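A structural walkthrough
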Amino acid sequence: MRLILGFLALFVFLSLPAQAEDLSAQDKSAFQAIISDQIAAFQADDGAKAYGFASPGIQSMFPNPLLFMDMVKRGYQPGYRPQSFTFGESGINPAGRPFQKVTIIGPDGLTYEALYSMERQPDGSWKISGCALVRAPDVST
């Protein structure tokens, strides 16, 4: 019985998603540089450059810079034309995926929270593998 439970525990352990390595200060700095550079490319309407920061998975969903930029313009206007942005926490989520939080003041003057997921590439570099954008709640003083 112990042997069966041991194999079961080993199977469950091996079935769990692999945890990403701890993030270094260099990784966190890279996240911020990549996101800043992509936002700068959006502001300059440089679709090819902005597209270059997207992971292969994102690029497969939007197979050219024009389609990618159209999606960003329609669905991510605050990140496409922010008035300003500041970086928040970065780390590893419970599923083992690296992330970077960004607070964005959109072109409409409203505050948004962006959660960027990052993906390490085979060459060791990082790419943006997704972004969830939500309107931040209003805070009155």
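What counts and how
- Residues numbered from 1 in each chain as written.
- Predicted model: local features only at pLDDT ≥ 70, side-chain atom pairs only at ≥ 80, totals over all residues.
- Heavy atoms only, no water.
- Helix = DSSP H or I, 4+ residues; strand = E, 2+ residues; numbered from the N terminus.
- Buried < 20%, exposed > 50% of the residue type's maximum accessible area, 1.4 Å probe, protein only.
- Contact = heavy atoms within 4.5 Å.
- Areas by Shrake-Rupley, 256 points an atom, 1.4 Å probe, with all protein chains shown as cover.
- Pairing = 2+ DSSP bridges.
- Axes fitted to C-alpha atoms, helices over the stretch in contact; angles between N-to-C directions.
- pLDDT = per-residue confidence, 0-100.
- Core = buried A, V, L, I, M, F, W, Y, C linked by side-chain atoms within 4.5 Å.

Each helix and strand counted, the chain has 6 helices and 4 strands in total. Scanning the chain from its N terminus toward the C terminus, one meets helices and strands in the order α-α-α-α-α-α-β-β-β-β. The burial tally for the chain puts 30% of its 141 residues in the buried class. In the chain, the proportion of contacts linking residues at least 24 apart, taken out of those at least 6 apart, comes to 46%. Summing over all exposed atoms, the chain offers an accessible surface of approximately 8700 Å²; the carbon and sulfur share of this is 61%.

Within a regular strand, side chains alternate between the sheet's two faces. As paired elements, strand β3 (residues 111–120) and strand β4 (residues 126–135) share 9 bridges and run antiparallel to each other. Residue pairing in the sheet places Glu-113 in a bridge with Val-134 of β4. Connecting β3 to the next strand, β4, in antiparallel fashion are 5 residues, including Gly-124 with a positive phi near 95 degrees.

Turning next to the sheet that holds β4. On the basis of which strands lie adjacent, the open sheet formed by 4 strands has the order β1-β2-β3-β4 and antiparallel pairing. Every interior strand has two partners, whereas the edge strands, β1 (84–92) and β4, have only one. On average, adjacent strands in this sheet sit at an angle of 20 degrees to one another, irrespective of strand direction.

Moving on to the confidence of the model for the chain. The predicted model of the chain has a mean per-residue pLDDT of 87, with 83% of residues at 70 or higher. Of the regions scoring below 50 in pLDDT, residues 1–20 engages in 8 contacts with residues more than four places distant in sequence or in other chains.

With that settled, consider the nonpolar core. Counting residues in each nonpolar core, the largest one holds 14 residues, and the members touching the most others are Ile-34, Ile-35, Val-102, Tyr-116, Met-118, Trp-126 and Ile-128. Elements supplying a minimum of two residues to this core: α2 (25–43), β2 (98–105), β3 and β4. Once residues within four sequence positions are removed from consideration, Tyr-116 is found in contact with Ile-35, Gln-38, Ile-39, Pro-98, Phe-99, Gln-100, Val-102, Ile-128, Gly-130 and Cys-131.

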